[in-house]
Amino acid sequence: MTLPTFRRHALALAASGLALALHMPVASAQQASFDIAAQPLATALDQFARQTGLQLVFSPALAQDRQAPAVQGTRDLRQALDELLRGSGLAGRIEGGTLTVAPLAKEPAEAMLPAVKVTAQPERGGLTEGTGSYTARSTSAATGLDLSLRETPQSVTVITRARMDEGGINTLVEAIALAPGIVSNPTGTSVGGYTSMYVRGYPLNSYVLDGVPVHTWAIAGYQWQGLSSLDSALYDSVTVIRGATGLMTGAGDPSATVALTRKRPTPEFQASVSQSFGTWQQRRSVGDVGGPLNAAGTLRGRLVGVYEAGHGWKEGYGYDKRVAYGVLEADLSPRTLATLALEFGSDRGRSGGGYTGYALSDVNGDPTPFGRSDNPAADWSFYRDRRVGLTAALEHRFNDDWQVKLAYNHNRVKDNQRFGLALDWPEPDGTLGLHLRSYRRENAVDSLSVKLGGRYDLLGRRHELVAGFNGAQADQKTPVFRSDFDSLVNVYTWNRQFPQPDWSTFDEPGGRDKVSQYGFYAATRLHVTEPLSVLTGARWTTWRSRSADAAGGVTDDRKENGVFTPYLGMVYDFTPNLSAYASYTTIFNPQSYRDVNGRLLDPEKGKNIEAGVKGEWLGGRLNASAAVFQVKKNDLAVLDDGSLTPTGEDAYRAEDRTRGRGWELEVAGEPARGWHVQGGYTRMLTHDSSGARLNNDQPKHLLKLFGTWTPAGLSRLTVGGGVTWQSEIYNDWVDPSWRDLYTQKRYAVLNLMANYAFSPQLMLTANFNNVFDKVYRTDASAHDYGPPRNLQATLQYKF
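Residues numbered from 1 in each chain as written. Predicted model: local features only at pLDDT ≥ 70, side-chain atom pairs only at ≥ 80, totals over all residues. Heavy atoms only, no water.

## Examining the overall build of the protein
Helix and strand content of the protein: seven helices and 43 strands. For the protein, buried positions account for 57% of its 799 residues. The long-range fraction of contacts in the protein, counting pairs at least 24 apart against all pairs at least 6 apart in sequence, stands at 67%. A total accessible area of about 32,300 Å² is found for the protein, and carbon and sulfur atoms account for 56% of it. (Helix = DSSP H or I, 4+ residues; strand = E, 2+ residues; numbered from the N terminus. Buried < 20%, exposed > 50% of the residue type's maximum accessible area, 1.4 Å probe, protein only. Contact = heavy atoms within 4.5 Å. Areas by Shrake-Rupley, 256 points an atom, 1.4 Å probe, with all protein chains shown as cover.)

Below you can see the structure in the form of structure tokens.
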């Protein structure tokens, strides 16, 4: 199936569904479909809020030792709430999008505890905005089933909206890097820099956008450059599922999948504006408005806009970016929801601050005298990119047990770069060939997902099932691509000024790459006994990659049909708060890495095993886990001793019978009133068949910890901070006598924050990063450094 054909079919299917839905009557806001079993009242109220999309204001202590009856079927909200609270001594009040539960007037006043605001977690997304929490109650990203973190038999981290806001996180790459086990190696400054990311020893290349798996080009762009361009203001949460996730995403590495959940329209009007100022003349403006668009609240919208500009710590660098995101939701019937979202972004970088740094040594291994601010790019270097995205989705509940979701996503990215980089090993006198390059790229990614989920009864127990189809086609064009190393400069004396070449001589036509992947999957969660559940499933995937040169000649054409990926997971509940789990799946990962001859490496194949314990306390407000994992892979891509491909990219070689082993600890949530924490420790090693360590440029030990505290007597003030510590890294492909130079010793970076609410509407947040101005390299092989000490202050006003 060609990309235009795929796109036509996908658009036709999505358009047909939406057109059909548009002829349905708009839902009454007073009815909903319920499936609430008899259970403790606090849990039942949480489910009521989840199934109605209401925000719950409630003190859990009021429901202690109280049970709720079952509430089933479609009924009036008031009627269902009264049934749930009958005989409890409590009363509920629904105003707008908020449900408040409090004692009846006849109860003693002293029974009234201060209300604790707990945001309901809708089935569609597990939203975190407004909760103030550093964890989430559920996610479907790992298995397709909506499970709590404790019920999911894999390591899962949710970077919530509160964590991003309080940490001063502005880009997607910064948000992902907060998760335990993520090794982030930025090679530039701020927006537009190349950032490689690894998890458990393997590259991160798997993404899901609002529940739809998308090709990495749609998110990360070329060589992860898009990760620093995408803005965090668009997202409700960023979920990182570590380990292999082939059940939902098909081909991929056993590193992690990043599931992005964008902001949704709110049931009540909300609006905010914020203005930030920071080091290096950085300035950032964000506007966010949303709410109901009709009296019944069945049509809702939201709009987010961002403008940011500034400089960086590398000499001469400057950038600006613009982002806009709009989304509409319509309740077309009591059981049907339609969603349409549009996204736009553009960013520009000047003077090459987003590229790699100077080499650490000359050709003889003697150190080069460069530091954090030195920029190896000619002053006229630039990059520009522009992206647009469209998402259309239709969700329908057939009855109280079964629902289906159809979603289509289209992303298009264009980027253009010209640069002159002094990035090779210079001669002892400083002479080297300046890397001149000009290229334009354009990629289009179309993704389609159909997902059916529900519950069924078997052998006296109720079980869950999910089945579906998802696929993506990516088409990347490189109409102009040329590199030149013939121009000589002296890096010890040049002032980054170099005459631009005649770019018309660089306008050589480039090539075209197409990648498609689609598959069917099914999984079920069987409740074998009261404490034991088994999750089993499988996926059948078809994958194809085709590349052509400028003349249309095919340079690569590979296809894999019917790739079978099994998945098996088990969870055993020792207590209502503590569980043990284990999971197993296989790995199939076609690669885009090339060897020194320019040939693509064979697909990686292997097995992924994980086991651990998870705990959930305080009604889901605190989650913790400990995990061990092992990955066995053949044809693992490993950097080939500093070799380059014919086009000048890093060359790789394939290693068989490799093994990765490690363990992790993680905690996230609110262990005590006013105290929020998120962090984890990871120990990870990969070895080849002889037992020699691979990937020495990734740390063996990695610790991340961040927390905030709101003093009981100073409720308007929140203070916090965090530390990131990693063990040493080094590049083992250089001459052994150079190892000390090509080693980054272990280091720690401390960040602090403070937040003060002048009123419920006006708030000031200050983030003080790298407090002790630690000098450290993010890449062991070049003068690529982490940010120096810097400050950002954000003033936000909520309407």
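## What about the side chain of Arg 163?
Its location among the elements puts Arg 163 in helix H4 (residues 161–166). Looking at Arg 163, its side chain comes within polar contact range of the side chain of Gln 678, at 3.5 Å. Ignoring sequence-local partners within four residues, the contact set of Arg 163 consists of Tyr 134, Ile 169, Leu 178, Gln 678 and Phe 706. (Polar contact = N/O pair within 3.5 Å; in protein donor to acceptor, adjacent residues only side chain to side chain.)

## Topic: the side chain of Asp 556
Relative to the helices and strands, Asp 556 resides in strand E28 (residues 554–573). A polar side-chain atom of Asp 556 sits 3.3 Å from a polar atom in the side chain of Arg 558. Residues in contact with Asp 556, not counting those within four places in the same chain, are Ser 545, Arg 546, Ser 547 and Leu 600.

## Re a nonpolar patch on the surface
On the surface, a nonpolar cluster with roughly 600 Å² of combined accessible area is contributed by Phe 269, Val 273, Val 289, Leu 303, Tyr 797 and Phe 799. Given a relative accessible area of 35%, Tyr 797 falls into the partly exposed group. (Patch = residues over 30% accessible without salt bridge, like charges linked within 9 Å, V, L, I, M, F, W, Y side chains within 5 Å. Salt bridge = Lys/Arg side-chain N within 4 Å of Asp/Glu carboxyl O.)

## Considerations on the pairing of strand E34 (residues 658–672)
In terms of strand pairing, strand E31 (residues 622–634) meets E34 through twelve bridges, oriented antiparallel. Its bridge partner lying in E34, Ala 624 is registered against Val 667. Connecting E34 to the antiparallel partner strand E35 (residues 675–687) that follows it, the hairpin turn spans two residues, and Gly 674 within it adopts a positive phi of roughly 85°. (Pairing = 2+ DSSP bridges.)

## What to know about helix H2 (residues 41–52)
With twelve residues, H2 should cover 16 Å at 1.5 Å per step; its first-to-last C-alpha distance of 16 Å lies within 8% of that length. Along H2, the residues that are buried comprise Leu 41, Ala 44, Leu 45, Asp 46, Phe 48 and Ala 49. (Expected span 1.5 Å × (residues − 1).)

## Concerning the pattern of salt bridges
Taken as a whole and judged by the stated rule, the model has 40 salt bridges. Residues Asp 784 and Lys 314 are paired through a salt bridge, measuring 3.9 Å at the closest nitrogen-oxygen approach. Taken as a pair, Asp 784 in the loop between strand E42 (762–769) and strand E43 (790–798) and Lys 314 in the loop between strand E19 (299–311) and strand E20 (318–333) lie far apart in primary sequence, 470 residues in all. Residue Asp 784 shares its accessibility class with Lys 314, and that shared class is buried. Between Arg 621 and Glu 670 there is a salt bridge; the shortest N-O distance is 3.9 Å. One end of the pair, Arg 621, is in the loop between strand E30 (604–617) and E31; the other, Glu 670, is in strand E34, and 49 residues separate them in sequence. When salt bridges that share partners are traced, they join Arg 200, Arg 242, Glu 610, Glu 664 and Glu 666 into one network.

## What about the sheet that holds strand E13 (residues 207–209)?
Strand pairing within a sheet occurs via backbone hydrogen bonds; the two strands may be parallel or antiparallel. As summarised here, the arrangement of the five strands in space is E9-E15-E16-E13-E14, forming an open sheet in which the pairing is mixed. The sheet is open, and its two edges are formed by strand E9 (155–160) and strand E14 (212–214), each paired on a single side. When strand polarity is set aside, the average angle formed by the axes of neighbouring strands in this sheet is 25°. In this structure, E13 lies alongside strand E16 (residues 256–262), joined through three bridges in parallel fashion. Considered in E16, the bridge of Val 208 is made with Ala 259. (Axes fitted to C-alpha atoms, helices over the stretch in contact; angles between N-to-C directions.)

## Overview of the sheet that holds strand E12 (residues 202–203)
Spatially, the three strands line up as an open sheet ordered E10-E11-E12, and their pairing is antiparallel. With one partner strand each, in any of the chains shown, strand E10 (182–186) and E12 form the two edges of the open sheet. As judged from the two bridges shared by strand E11 (residues 195–199) and E12, these two strands associate in the antiparallel manner. Considered in E12, the bridge of Tyr 198 is made with Pro 203.

## Some points on the pairing of strand E22 (residues 382–397)
The pairing of strand E21 (residues 336–350) with E22 spans 15 bridges and is classified as antiparallel. By the bridge assignment for E22, Gly 345 is matched with Arg 387. By the bridge criterion, 16 bridges tie E22 to strand E23 (residues 403–421) in an arrangement that is antiparallel. When the bridges of E23 are listed, Ala 393 appears paired with Ala 407. Linking two consecutive strands that pair antiparallel, namely E22 and E23, is a turn of five residues.

## Examining the nonpolar core
Ranked by internal contacts, the top residues of the largest apolar core, which has 40 residues, are Leu 172, Ile 176, Leu 204, Tyr 235, Val 238, Val 258 and Leu 260. Take this core: its biggest share by element is four residues, from helix H5 (residues 172–176). (Core = buried A, V, L, I, M, F, W, Y, C linked by side-chain atoms within 4.5 Å.)

## Examining the environment of Asn 589
Inspection of the secondary structure puts Asn 589 in strand E29 (residues 578–589). Along the sequence, Asn 589 and Gly 252 sit 337 residues apart, while their C-alpha atoms lie 4.6 Å from each other.

## Section: the confidence of the model for the protein
For the protein, the mean per-residue pLDDT works out to 86, and 90% of the residues sit at or above 70. Across residues 10–29, confidence stays below pLDDT 50; counting only partners more than four residues off in sequence or on other chains, it has 30 contacts. In this model, residues 106–125 is a region of pLDDT below 50 whose contacts with residues beyond four sequence positions or in other chains number 49 contacts. (pLDDT = per-residue confidence, 0-100.)

## Examining unusual backbone geometry
Where the residue is not glycine, phi is negative for most of them; where a peptide bond is considered, it is trans in most cases. In this structure, Leu 618 takes a positive phi of about 55° despite not being glycine. Note on placement: Leu 618 falls in the loop between E30 and E31. A positive phi is found at Asn 695, a non-glycine position, where the angle reads about 55°. The topology assignment puts Asn 695 in the loop between strand E36 (693–694) and strand E37 (701–709).

## Regarding the packing of H2 against helix H3 (residues 77–85)
Contact pair H2 / H3: the axes reach a minimum separation of 11 Å and the direction vectors enclose 170°. With respect to their mutual orientation, H2 and H3 come out roughly antiparallel. Mapping the contact onto sequence places Leu 41, Ala 44, Leu 45, Phe 48 and Thr 52 in H2 and Leu 77, Ala 80, Leu 81, Leu 84 and Leu 85 in H3. Here the residues of the contact of H2 with H3 sort into nine nonpolar, one polar and no charged. (Parallel < 35°, antiparallel > 145°, perpendicular 65-115°, else oblique. Nonpolar A, V, L, I, M, F, W, Y, C, P; charged D, E, K, R; others polar.)

## Re the packing of aromatic side chains
By the definition in use, this model includes 17 aromatic pairs. With 4.2 Å between their ring centres and 40° between their planes, Tyr 593 and Tyr 652 make a pair best called tilted. Of this pair, Tyr 593 sits in the loop between E29 and E30 while Tyr 652 sits in strand E33 (residues 650–655), placing them 59 residues apart in sequence. We note that Tyr 593, like Tyr 652, is buried. Each ring, one from Trp 738 and one from Tyr 742, has its centre 6.1 Å from the other, and the planes form 20°; the classification is stacked. The class for Trp 738 is buried, based on a relative accessible area of 13%. Put simply, the rings of Tyr 358, Phe 370 and Tyr 492 pair up and form one aromatic cluster. The ring of Tyr 439 is capped by Arg 441, whose NZ or CZ atom sits 4.3 Å from the centre of that ring. When the ring centre of Tyr 730 is taken as reference, the NZ or CZ atom of Arg 739 above it lies at 3.5 Å. (Phe/Tyr/Trp six-rings, centres within 6.5 Å; stacked < 30°, edge-to-face > 60°. Lys NZ or Arg CZ within 6 Å of the ring centre and 35° of its normal.)

## Topic: the environment of Thr 74
One can find Thr 74 in strand E5 (residues 71–76). Taking the relative accessible area as the measure of exposure, Thr 74 reaches 39% and is therefore partly exposed. With 39 residues separating them in the primary sequence, Thr 74 and Asp 35 have C-alpha atoms 9.0 Å apart.

## Considerations on a positive patch on the surface
Taken together, Lys 607, Lys 632, Arg 659 and Arg 661 make up a surface patch of like positive charges. Within the secondary structure layout, Arg 661 lies in strand E34. (Lys, Arg positive; Asp, Glu negative; His and termini not counted. Charge placed at Lys NZ, Arg CZ, Asp CG, Glu CD.)

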